[in-house]
Amino acid sequence: MPPLDGASFEACYRRIFPVVLAKCRRMLRGHADAHDIAQEVFMRLWKHRDLVKDHQALTAWLYRTSTRLVIDRARQRRLSQASELSLQSLVDEASAELADARLASRRQLQTLFREFPDQELEAAILGRFDRLTHPEIAEVMGVSERTVRRLLTRFDERVSTLKESA
Amino acid sequence: MKSDLPTNQAYHPSFLALDRAHLAEASPAVSAHLTGCESCRGYVASLASDPVASGFVELEQTIQGRKKRVARWLWTGASLAAAACALLLVVRQRFPDTRPGGESYVGAKGFRSVWIYVKRGTETTLWDGKRRLLPGDRLRLKVDPGSYHQLAVYSAAPSPTLLFSGKLTPGQNLTLPEAWEIDDSPSDEQLLVVFSDAPVEPDWNDWRLGRVPPGIAVLPFTLPKTGSDAGSFGP
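Rules used in this analysis
For every chain, the first residue of the written sequence is number 1, and numbering continues from 1 onward in sequence order. Throughout, the order in which chains and ligands are written sets their labels, letters from A for the former and numbers from 1 for the latter. Local features in this predicted model are restricted to residues of pLDDT 70 or higher, and side-chain atom pairs are both shown and tallied only at a pLDDT of 80 or more, whereas totals for entire chains, interfaces and linings draw on every residue. Computation of side-chain values covers all heavy atoms of the structure but excludes hydrogens and water. Each helix is a run of H or I in the DSSP string that is no shorter than four residues. Each strand is a run of E no shorter than two, and both are numbered from the N terminus. Summary of the burial criterion: residues with accessible area below 20% of their type's maximum are buried, those above 50% are exposed, and those between are partly exposed, where the area comes from a 1.4 Å probe applied to protein chains only. Note on definitions: a residue-residue contact is assigned when non-hydrogen atoms from the two residues lie within 4.5 Å. The Shrake-Rupley method, run with a 1.4 Å probe sphere, supplies the accessible areas, and residue values consider only the shown protein chains as cover. Two strands qualify as a pair provided that DSSP identifies no fewer than 2 bridges between them. Orientation is described by lines fitted to C-alpha atoms, with helices fitted over the stretch in contact, and by angles between N-to-C directions that extend from 0 to 180 degrees. Exposure above 30% relative accessible area and the absence of a salt bridge qualify a residue for a patch, where like charges join within 9 Å and nonpolar side chains (Val, Leu, Ile, Met, Phe, Trp, Tyr) within 5 Å. The salt bridge definition used is simple: a Lys or Arg side-chain nitrogen within 4 Å of an Asp or Glu carboxyl oxygen. Positive charges come from Lys and Arg alone, negative charges from Asp and Glu alone, with His and the N- and C-terminal ends not counted. Every charge is mapped onto a representative atom, which is NZ of Lys, CZ of Arg, CG of Asp or CD of Glu. Just so you know how the angles are binned, under 35 degrees is roughly parallel, over 145 roughly antiparallel, 65 to 115 roughly perpendicular, and the rest oblique. Ten residue types, Ala, Val, Leu, Ile, Met, Phe, Trp, Tyr, Cys and Pro, are classed as nonpolar, four, Asp, Glu, Lys and Arg, as charged, and the remainder, Gly among them, as polar. Expected helix span is taken as 1.5 Å per residue step, with the number of steps being one fewer than the number of residues. Distance and chemistry together define a polar contact, namely a pair of N or O atoms within 3.5 Å, with one atom able to donate a hydrogen and the other to accept it when in protein, and with adjacent residues in sequence counting only for side-chain atoms on both sides. Regarding the arc, it is the one traced by the directions from the helix axis to the C-beta atoms. Only rings of Phe, Tyr and Trp enter the pairing, Trp through its six-membered ring, and a pair is recorded when the two centres are within 6.5 Å. The plane angle decides the type: under 30 degrees is stacked, over 60 is edge-to-face, the rest tilted. Nonpolar cores were defined as sets of buried Ala, Val, Leu, Ile, Met, Phe, Trp, Tyr and Cys residues, with membership established by side-chain atoms within 4.5 Å.

1. Here we look at the overall build of chain B
Okay, step 1: The number of helices and strands found in chain B is five helices and eight strands.
Okay, step 2: Start at the N end of chain B and walk to the C end: the helices and strands fall as α-α-α-α-β-β-β-β-β-β-β-α-β.
Okay, step 3: Taking all 235 residues of chain B together, the buried fraction comes to 35%.

2. Side note on the overall build of chain A
Okay, step 1: Scanning chain A from N- to C-terminus turns up eight helices and zero strands.
Okay, step 2: Expressed as a percentage of its 166 residues, the buried residues of chain A come to 55%.
Okay, step 3: In chain A, the share of contacts with a sequence separation of at least 24, taken over all contacts with a separation of at least 6, comes to 68%.
Okay, step 4: For chain A, the exposed surface amounts to about 7,600 Å²; the carbon and sulfur share of it is 46%.

3. Some details on the sheet that holds strand S7 (residues 189-196) of chain B
All names here are of chain B.
Okay, step 1: The antiparallel open sheet is built from four strands, whose spatial order is S5-S4-S7-S8. Looking at strand neighbours, the two that pair on one side only are strand S5 (161-167) and strand S8 (216-223), the edges of this open sheet. Here the strands of the sheet are splayed against their neighbours by 15° on average, with no regard to which way each runs.
Okay, step 2: Here six bridges tie strand S4 (residues 150-155) to S5, and the two strands are oriented antiparallel to one another. Note that in S5 the partner of Ser155 across the bridge is Thr161.

4. Side note on a positive patch on the surface
Okay, step 1: The grouping of A:Arg146, A:Arg149, A:Arg150 and A:Arg154 at the surface amounts to a positive patch.
Okay, step 2: Within the element layout of this structure, A:Arg149 appears in helix H8 (residues 145-165).

5. What about the pairing of strand S3 (residues 138-144) of chain B?
Residues and elements named next belong to chain B.
Okay, step 1: Taken across its seven residues, S3 has five buried, putting it largely inside the fold.
Okay, step 2: Examined bridge by bridge, strand S1 (residues 113-120) and S3 share seven bridges and lie antiparallel to one another. From the neighbouring strand, Val114 faces S3, where its bridge partner is Val143.
Okay, step 3: As judged from the five bridges shared by S3 and strand S6 (residues 174-181), these two strands associate in the antiparallel manner. The residue bridging Leu139 from the neighbouring strand is Trp180, located in S6.

6. Focus: the packing of helix H7 (residues 134-141) of chain A against H8(A)
All names here are of chain A.
Okay, step 1: One can describe the packing of H7 onto H8 by two numbers: an axis separation of 8 Å at closest approach and a directional angle of 100°. When the interaxial angle is binned, H7 and H8 end up roughly perpendicular. Facing His134, Pro135, Ile137, Ala138 and Met141 of H7, the residues of H8 in contact are Glu145, Val148, Arg149, Leu151 and Leu152.
Okay, step 2: Residues that form the contact of H7 with H8 fall into these classes: seven nonpolar, one polar and two charged.

7. Examining helix H3 (residues 55-75) of chain A
Residue and element names in this part refer to chain A.
Okay, step 1: Between its first and last C-alpha atoms H3 spans 30 Å; for 21 residues at 1.5 Å apiece the expected length is 30 Å, and the two agree.
Okay, step 2: A distance of 3.2 Å separates the backbone nitrogen of Gln56 from a side-chain oxygen at the start of H3, and that oxygen is part of Asp54.
Okay, step 3: Just beyond H3, the residue with positive phi is Arg77, at close to 55°.

8. Observations regarding helix H3 (residues 38-48) of chain B
Okay, step 1: Those residues of H3(B) lying buried are B:Cys40, B:Tyr43, B:Val44 and B:Leu47. Seen from one end, H3(B) has its buried residues packed into an arc of 90°, which puts them on one side. Turned more than 90 degrees from where H3(B) packs its buried face, B:Glu38 and B:Ala48 sit exposed.
Okay, step 2: In this structure, the buried residues of H3(B) make contact with helix H1 (9-27) of chain A together with helix H1 (15-23) and helix H2 (28-36) of chain B.

9. So, the sheet that holds S1(B)
Residue and element names in this part refer to chain B.
Okay, step 1: In space, the four strands of this open sheet follow the order S2-S1-S3-S6, with antiparallel pairing throughout. Two strands close off the open sheet at either side, each with one partner strand: strand S2 (123-126) and S6. Along the sheet, successive strands turn relative to each other by an average axial angle of 25°, direction set aside.
Okay, step 2: Inspection of the sheet shows S1 paired to S2 by four bridges, in the antiparallel sense. The partner of Lys119 across the bridge, within S2, is Thr124.

10. Overview of the packing of aromatic side chains
All names here are of chain A.
Okay, step 1: Within this structure, the stated rule accounts for six aromatic pairs over all chains.
Okay, step 2: An angle of 90° between the planes, with centres 5.7 Å apart, marks the rings of Tyr13 and Phe42 as edge-to-face. With Tyr13 in helix H1 and Phe42 in helix H2 (residues 31-47), this residue pair connects regions lying 29 residues apart in the sequence. Each member of the pair, Tyr13 together with Phe42, is buried.

11. Considerations on the nonpolar core
All names here are of chain A.
Okay, step 1: Core analysis: the largest hydrophobic core is formed by 69 residues, its most contacted members being Ile16, Phe42, Leu87 and Leu112.
Okay, step 2: Among the elements that line this core, the one with the most residues is H1, at eleven residues.
Okay, step 3: When sequence neighbours within four positions are dropped, the list of residues in contact with Leu112 reads Val91, Leu121, Val159 and Leu162.

12. Here we look at the environment of B:Glu181
All names here are of chain B.
Okay, step 1: As for its position among the elements, Glu181 is in strand S6.
Okay, step 2: In this structure, the C-alpha to C-alpha distance between Glu181 and Val118, residues 63 residues apart in sequence, is 9.6 Å.
Okay, step 3: Aside from chain neighbours lying at most four places away, what touches Glu181 is Gly136, Asp137 and Arg138.
Okay, step 4: At 3.4 Å, the side chain of Glu181 and the side chain of Arg138 are in polar contact.

13. Things to note about unusual backbone geometry
Trans is the prevailing form of peptide bonds, just as negative phi is the prevailing case for residues other than glycine.
Residue and element names in this part refer to chain A.
Okay, step 1: Positive phi is not limited to glycine here, since Arg77 has a value of about 55°.
Okay, step 2: Take Arg77: it is sitting in the loop between H3 and helix H4 (81-92).
Okay, step 3: With relative accessibility at 56%, the residue Arg77 sits in the exposed group.
Okay, step 4: Backbone geometry at Arg131 places phi at a positive 60°, although glycine is not the residue there.
Okay, step 5: Relative to the helices and strands, Arg131 is located in the loop between helix H6 (118-128) and H7.

The structure is reproduced here in structure tokens:
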């Protein structure tokens, strides 16, 4: 039976919104940003709730949608400084040996979101903020594990290049 | 600044697995982990606690607000469309279109052009190059002379017959004073519209072969009739 079949708005909210909000807070330290995006994700879910087949598909959709919304916001430079700082930690996690070579400025973070491909950013966020394994990232993104490995390798290489050029 | 990720990531299930444990059923491996890991157990427990009621109310209001905004936009759009239609009606009544049919036409300014209007019953429309004619339809032409001074219109079938001849004023469109009724013969209606700088004697044999002298433009139109083959449109 579809997980949201016949569920009231309130019941759905009480059960699922905390999951979405927790996911957004892992990515964004700015409380207002995280809350805004969580609301947006939940509203989209509610609008398309009839299409959700099972819990597995539901959680994969929540992760995919919230991650992409964060990437969109970062690209549009519509995040608070606190949220941008939390996204910078994504880059710091990318390479242990370069962990102390932090991105010097917001401009470099903007370069990252402007120039890095969507899929690489998505895979990196899912892996580093949400602790997803490669098979889990593959499931959420709808790609193969091999593709996930390639995306993460490319992401690390780009981050290294970005830091070296700083 | 460090993120909130646990330091011993390798031994913790992903947040996706923990979320699934909260929403559905935990896998045996996750259940076993939760038994021994206070941190992950705490995370799952935090998901089970009710979110703040104010958030629920706020979100419900946001959704209602969006619905109202959509409805408002729909109403606004419908109102604007209605207002535009009313305005158009007023303008058309105050400034009646002198063209029969009133369809728009876009063409290169200063280049000879021909509009063919078809009147069927009380309705007049601009011929679209494809519409089939019926016996009893009436044709009327309007021309843009471009730089030409003279116009002649011929009916080509069965043999060229002069329908109209008159002077043109370059740059001024002319609606021909006469209209022609489509007869019930089975053949398509063929018109030849000849622009020139002075009256000319047509030389059909040469003109049919494309040997039109300089200073003369011949525009042929074939208007299909119902029951005949599809027509063609001249240049």
